[in-house]
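# Summary of the model geometry
Here's the letter readout for the chains.
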Amino acid sequence: MEDLNRLEKEAKGEIAKTASDAVLTNIRTKWLGRKGRLTMVLRGLKDLPEEDRRRVGQEANRLKKTLEDLFEERRVEFREKERVAKEKRVDVTLPGRKMPIGHLHPLTRALREINSIFQSLGFSVVGGPEIETEWYNFDALNIPADHPARDMWDTFWLKTKDRKQKLLLRTHTSPVQIRYMKKHQPPFRIVIPGKVFRHEATDATHEMEFHQLEGLMVDKGISIAHFKHVIGHFFEKFFETKAKKIEVSLRPSFFPFTEPSFEVWISCIFCAPRATARRTSRKGCSVCKYSGGLEVAGAGMVHPTVFHNAGLNPKDVQGFAFGFGVERLVMMKYNIPDIRLFHSSDPRFLRQF
Amino acid sequence: MKFSYNWLKEYIPKLPEPKQVADLVTRHAFEVSEIKKQKGDVIFDIDILPNRMPDASSHRGLAQEIAAIMKLNLSAKGGSASGGKSQKSKFNLKKKKLKKNDLEISILDKDTVLRYHGALIKSIKIKPSPKWMQERLGALGIKSINNVVDITNYVMVEYGHPLHAFDYEKIHGRTLTIRKAKADEALETLDGVSHSLSDDILVISDKDRIIDLAGIMGGKNSEMDPKTKTVFLQVATFEPTFVHRASRILKKRTEASLRYSAGIDPNLAGLALERALLLLGELADGTVTGFIDIYPKPVYARHIRFRPEKANQVLGTRIPEKEMTSILQRLSFDVSRKKNAPKELIVKVPSLRRDLELEEDLIEEVGRIYGYDQIEAKRPVGELAPAAIDRHLFFKEKIRDLFRASGFDEVRNYAFIGEKHIADLGPQDRSALIEVENPQSREFSHLRPILLPSLAYAVSEALKFSKDIRYFEVGRVYQWLPVTYRDTPDLERLNLAFAITHAKNQEGSQAFFELKGALDTIFESLGLHDVWYDDVPASPETLTQGVGRFLHPYQFSEIKLGEKKLGIFGMLHPALKKKFNIKDDLSVGEVFLDELIGETEKEKEYRPISKYPAVTRDLAILVPRDVRVVKVLDIIENTGGSLLTDVDLFDMYEGDEIVDGKKNFAFHLIFQSTDRTLKDEEVERVMQNIIKALEENIEWEVRK
Ligand SMILES: [Zn+2]
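Worth saying up front: this structure is predicted, and the values here are computed from it rather than measured.

On to the side chain of Glu8 of chain A. Secondary-structure assignment places Glu8 of chain A in helix H1 (residues 4-17). For Glu8 of chain A, the residues in contact, after removing those within four places along its chain, are Arg62 and Leu63 of chain A.

This is the structure:
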């Protein structure tokens, strides 16, 4: 015969700890069910001696009543909780209310990314004016007037009030090289992102107003081998999401302000994506015109005349300069089909970035 | 420029397959942009670099280059296989001088002609040129005319020096004068186009008229015809700048002008004339009656110092001196050792290579023939100073981030504006506009002096696609200064413009206050807690660098810090809304970032947070409708003293329940001390003072 006091304590403890209606039902069965522990006590009364039977019987029936009350109390409590919960519960399948989220221009994002890659290589970001003098834009860069080399840049000239000097909209960011070198002492490690202007008809790949990034690294003994490292590192980082490995190749070219001069080509990021082996891109695609390569920048070793015009002695310094069109790279990276979209005011374009 | 594979193969018998040739030429010299099979030949389209035109714009020159790249030998016969079977000219160039009464040549400006070479040929038989020549020219896209014209073209693409044949009978007065044209002169060229000339244009005239645009194209009036018997064949080396300038001004580019503009080695004139006469003898009969050669300053080979060690330093390589010497010799330069300088070489460069002047030029020759692909990339060593962060740039990006975070999309408009926007500018702005001399179109004729017009227009365009536009732009603006500028950066400033639209049908449009709230948030984030909005009584037309003209005359405010004007904002002017066909409410503004940057550079100061509780009291006041909230605020703040730490307007009401002509403001006043817990009586005393001060205005009534 179990001690009724102990049973009562145990049962009340279990009821109090119960956390849900379902568990409560189980516990009720355990105590008051057909084979419940208290039920068994009541059934066992007949086996007790007469003198105990009444006393224990009364006690056990009182306990049964107490537990039944307790179970009912808890049940009501749970039902109420459930009712309240149902009422307060949100419908999570309703659409969320959007906070206004703005978007940075794709060019802003790309310029930030480009700048930060070069900053990680120790290049400082420098700026310069968009309105330039003829001297800074051409003469200082070894591009004399009436020289056919000037035809490489179709220029917007400005009407000037005084005839002091001819003004223009800079056709490249290179004049900033001169401005910077005049004011600072080598070594130099700078990049110059900025807007440039070309007087040409616009179409899907030509703009009269676009951005260029110019780089300049000058010190004792800076060589083409170093340039290959820097530019290779940059393109690998910039196109990291497009291609695993980028091969850089330099081809002879001509710029009046560099000597030697070259064009920078990279392995096509469209037809050789994630290729690791050399020359897997032999066949090419329509973007690279089936050549497997893309021309991405112009570069060279700074011409002695340029150092001279910036007030430096070419004997003491050596280094490379490079430049590329930013929009073109961004178009490649984000598959933007038309360069004119960068000046678009269409929210359907601007909100994609 | 087009080149025939078969022709090149005549110079280099061991020339490899066209594909391989193209690949090697591209890697070591010029980009081959096209390879095309054509009637048993392969035609390359090659972008000869502008500085290499003098030596490589001919089959002979390109063959030389290819031979050097591929370590192949040039054939001794050199390209004469198809024509000019005899190797020696039958004319002796030295002997027969042109007689003055046959033809007199005068050059008015000596510096315009480097060399004037030519020959007078009699008894010419004009007929079609032979099939092989027609085919060869045709393959390169040159139309066959007759034997004499074809020979001049053939020699040009073979040697790189243009020639011109005049019909001798059509040269009036038997004189040729090379001179600058006069402003009222004109000429119809061979292609039937008439050109008005100017004194920038070099021409050749006879006794009566101009008959040739020097270096560009001959005149129709001296053109050969089937009856031509006597020809004056001119091989003149003009000074490049004159031809280039004329060709640019007349917008006329020909095979000849391209070569002249880039510069030609005058020594080539002799070879070209000799070659042409050889072909004329064979294909047009003809007898040379006299030569002329005016060549006052002969050009000779150049000697350039070359240090292999320096070359390796620039290239970042370890190419042995022997290999460098071999490369230079393959390019047909003479290499010798400098006396008393064992590490230095002297390289003799033929006059044909006009592009080579400096040691750096030779380093390029060695580098590209050796192959840039063979140069191993190397990480630059040396002290790596951390990149300097430009404050200006940093700040610009921060502004962009703040606007983006406030729900604005960034746009980038053109730096140009045109007649559409100029008309809306004030007279002062219009007079300071910077104008483009050669604009793309009337829409892009000037540089923008402020950002707002283009931004408002961009918003009007955007509204076609979406409701609720929030745009901003950070960009440069340009203007002449009232004083003379020192340098061009003085003509540029950095501005910021922004706009918010609200659909009209929305209840109680709040575009103005939404923009003001966004600005508050942004200025706070920049640490500019004291920015205030000046309630300017004057008309906005004259305000804030002309931006005010674009705002609604009664709904705008200047943005100030102290007395410094940072910018202006408000609702777009109704006239502009109408012009841009904008139906929605549109608030816009422009801020002068250069001014703002100066202010943010001042350090933020830490203010201790009080340990003692704050006490809040409410105050409601009825005022006449024309009283502005700032006036009430001023009185509260000036009377509140140091215990009053903040005042918030939380309600403004004018309407049915209020006496006519009045409105109600309700404020929270927050009191707090940094050194004690405030007692009710203390706060009450201040409140009474404030109420008293407010009610000194007779029509104001504090509601109790
Ligand atoms: Zn490809």
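We now examine the sheet that holds strand E26 (residues 585-592) of chain B. Residue and element names in this part refer to chain B. On the basis of which strands lie adjacent, the open sheet formed by 7 strands has the order E18-E21-E22-E26-E25-E24-E23 and mixed pairing. Bordering the open sheet on either side are strand E18 (409-410) and strand E23 (531-534), each of which pairs with just one other strand. Here strand E22 (residues 492-502) pairs with E26 via 8 bridges, running antiparallel. Residue pairing in the sheet places Ala497 in a bridge with Glu590 of E26. Packed on one face of the sheet, helix H13 (residues 391-405) meets E18, strand E21 (470-478) and E22 and runs near 155° to E21. On the sheet, helix H19 (residues 593-600) packs against E21, E22, strand E24 (551-561), strand E25 (564-572) and E26 and is oriented at approximately 65° with respect to E26.

A common way to report how large an interface is uses the accessible area buried once the components associate. Each assigned domain of chain B is listed with its residue range as follows: domain 1 (2-70), domain 2 (104-294), domain 3 (302-371), domain 4 (392-603) and domain 5 (615-703). Each of domain 4 of chain B and domain 5 of chain B was reduced to a C-alpha centroid, and the two centroids are 35 Å apart.

What follows covers helix H16 (residues 452-462) of chain B. The buried fraction of H16 of chain B is high, at 9 of 11 residues. Buried residues of H16 of chain B: Leu452, Pro453, Ser454, Leu455, Ala456, Ala458, Val459, Ser460 and Ala462 of chain B, and no others.

Let us look at the coordination of the zinc ion. Residues and elements named next belong to chain A. Summarising the metal site, the zinc ion is bound by the protein donors Cys268 (SG), Cys271 (SG), Cys285 (SG) and Cys288 (SG), whose distances to it range over 2.2 to 2.4 Å. For the zinc ion, the 4 donor atoms in the first shell make angles of 99 to 114° at the metal, so the coordination geometry reads as tetrahedral. Here the donor residues of the zinc ion share one chain and are spaced in sequence as C-x2-C-x13-C-x2-C. Residue Cys271 is found in the loop between strand E8 (258-267) and strand E9 (293-302), and its partner Cys285 is found in the loop between E8 and E9; the two are separated by 14 residues along the sequence.

Turning to a positive patch on the surface, a few remarks are in order. On the surface, a cluster of positive charge is made up of Arg34, Lys35, Arg43 and Lys46 of chain A. For Arg43 of chain A, the location among the structural elements is in helix H3 (residues 37-43).

With that settled, consider the pattern of salt bridges. Residues and elements named next belong to chain B. In this structure the tally under the stated criterion is 78 salt bridges over all chains. Residue Arg353 pairs with Glu365 through a salt bridge whose shortest N-O separation is 3.0 Å. Within this pair, whereas Arg353 is found in the loop between strand E17 (345-349) and helix H12 (359-370), its partner Glu365 is found in helix H12, the two being separated by 12 residues in sequence. Given a relative accessible area of 4%, Arg353 falls into the buried group. For Glu365, a relative accessible area of 1% corresponds to the buried category.

Bringing the packing of aromatic side chains into the picture now. Aromatic ring pairs are reported here in terms of the distance separating the ring centres and the angle at which the planes meet. Evaluated as defined, the whole model comprises 42 aromatic pairs over all chains. Relative to Phe123 of chain A, the ring of Phe118 of chain A has its centre 5.5 Å away and its plane inclined at 70°; by these criteria the two rings are edge-to-face. Following the ring pairs from residue to residue traces out a cluster consisting of Phe118, Phe123, Phe227, Phe234, Phe235, Phe238, Phe239, Phe262, Phe320, Phe322 and Phe324 of chain A together with Tyr372 of chain B. Here the guanidinium or amino end of Lys166 of chain A rests over the ring plane of Trp157 of chain A, the centre of that ring lying 4.3 Å away. Above the plane of the ring of Tyr136 of chain A lies Arg179 of chain A, whose end atom (NZ or CZ) is 4.0 Å from the centre.

Our next topic: the interface of chain B and chain A. Every contact between the two is made by 88 residues of chain B and, on the other side, 86 residues of chain A. Of the roughly 7,400 Å² buried at the junction of chain B and chain A (both faces included), carbon and sulfur atoms supply 53%. Inspection of the region where chain B meets chain A yields 6 salt bridges. Joining chain B to chain A, the criterion identifies 36 residue pairs in polar contact (both at pLDDT 80 or more). If one sorts the elements of the side of chain B that touches chain A by residue count, H13 of chain B sits on top with 6 residues. Residue classes in the side of chain B that touches chain A are distributed as 41 nonpolar, 16 polar and 31 charged.

In this section: the environment of Val314 of chain B. Here Val314 of chain B shows up in helix H10 (residues 308-315). In sequence terms Val314 of chain B and Glu360 of chain B are 46 residues apart; their C-alpha atoms lie 8.7 Å from each other. Discounting residues that sit within four places of it in the chain, Val314 of chain B has contacts with Ser223, Ile224, Pro260, Met301 and Gln318 of chain A together with Ile363 of chain B.

The subject of this paragraph is the nonpolar core. Formed by 191 residues in total, the largest nonpolar core has its most connected members in Phe118, Phe235, Val264, Phe322 and Phe324 of chain A together with Phe306 of chain B. Sequence-distant contacts of Phe235 of chain A, defined by excluding residues within four places in its chain, comprise Ile246, Val264, Ile266, Val296 and Leu329 of chain A. Within the second largest apolar cluster, 37 residues are counted, among which are Ile201, Val203, Met217 and Ala256 of chain B.

Take unusual backbone geometry next. Following Pro186 of chain A, the chain continues to Pro187 of chain A via a peptide bond in cis, the omega torsion being 5°. The omega torsion of the bond from Glu259 of chain A to Pro260 of chain A falls at -5°, within 30 degrees of zero and hence cis. Along the chain, the position of Pro260 of chain A falls in strand E8. Of note, Ser123 of chain B is a non-glycine position whose phi angle comes to about 55°, a positive value. Residue position: Ser123 of chain B is located in strand E5 (residues 113-124). Judged by relative accessible area, which is 46%, Ser123 of chain B ranks as partly exposed.

All names here are of chain A. Taken N-terminus to C-terminus, the directions of helix H5 (residues 106-120) and helix H10 (residues 326-334) make an angle of 100°; their axes are 10 Å apart at the nearest point. In terms of orientation, H5 and H10 fall into the roughly perpendicular class. Residues Pro106, Leu107, Arg109, Ala110, Leu111, Glu113 and Ile114 of H5 touch H10, and the partners they reach there are Val326, Glu327, Val330, Lys333 and Tyr334. Class assignment of the residues belonging to the contact of H5 with H10 gives a composition of 8 nonpolar, no polar and 4 charged.

A word on the sheet that holds strand E4 (residues 167-169) of chain A. Residues and elements named next belong to chain A. One open sheet accounts for 3 strands, arranged E2-E4-E3; its pairing is antiparallel. Two strands in the sheet have a free side with no partner beyond their single neighbour: strand E2 (131-133) and strand E3 (157-158). Inspection of the sheet shows E3 paired to E4 by 2 bridges, in the antiparallel sense. Each residue of the ladder has a partner; that of Trp157, found in E4, is Leu168.

It is worth spelling out the side chain of Ser351 of chain B at this point. All names here are of chain B. If you trace the backbone, Ser351 turns up in the loop between E17 and H12. For Ser351, a relative accessible area of 12% corresponds to the buried category. Separated by 2.8 Å, the side chains of Ser351 and Asn267 make a polar contact. Beyond its immediate stretch of four places on either side in the chain, Ser351 contacts Asp265, Asn267, Val299, Tyr300 and Ala301.

About the criteria used
- Residues numbered from 1 in each chain as written.
- Chains lettered and ligands numbered in written order.
- Predicted model: local features only at pLDDT ≥ 70, side-chain atom pairs only at ≥ 80, totals over all residues.
- Heavy atoms only, no water.
- Helix = DSSP H or I, 4+ residues; strand = E, 2+ residues; numbered from the N terminus.
- Contact = heavy atoms within 4.5 Å.
- Pairing = 2+ DSSP bridges.
- Axes fitted to C-alpha atoms, helices over the stretch in contact; angles between N-to-C directions.
- Domains from an automatic or database assignment.
- Buried < 20%, exposed > 50% of the residue type's maximum accessible area, 1.4 Å probe, protein only.
- Donors = N, O, S within 2.8 Å, 3.2 Å for Na, K, Ca; no water.
- Tetrahedral: all angles 85-135°; square planar, octahedral: opposite > 155°, others 65-115°.
- Patch = residues over 30% accessible without salt bridge, like charges linked within 9 Å, V, L, I, M, F, W, Y side chains within 5 Å.
- Areas by Shrake-Rupley, 256 points an atom, 1.4 Å probe, with all protein chains shown as cover.
- Salt bridge = Lys/Arg side-chain N within 4 Å of Asp/Glu carboxyl O.
- Lys, Arg positive; Asp, Glu negative; His and termini not counted.
- Charge placed at Lys NZ, Arg CZ, Asp CG, Glu CD.
- Phe/Tyr/Trp six-rings, centres within 6.5 Å; stacked < 30°, edge-to-face > 60°.
- Lys NZ or Arg CZ within 6 Å of the ring centre and 35° of its normal.
- Buried area = accessible area lost by both parts, 1.4 Å probe.
- Polar contact = N/O pair within 3.5 Å; in protein donor to acceptor, adjacent residues only side chain to side chain.
- Nonpolar A, V, L, I, M, F, W, Y, C, P; charged D, E, K, R; others polar.
- Core = buried A, V, L, I, M, F, W, Y, C linked by side-chain atoms within 4.5 Å.
- Parallel < 35°, antiparallel > 145°, perpendicular 65-115°, else oblique.

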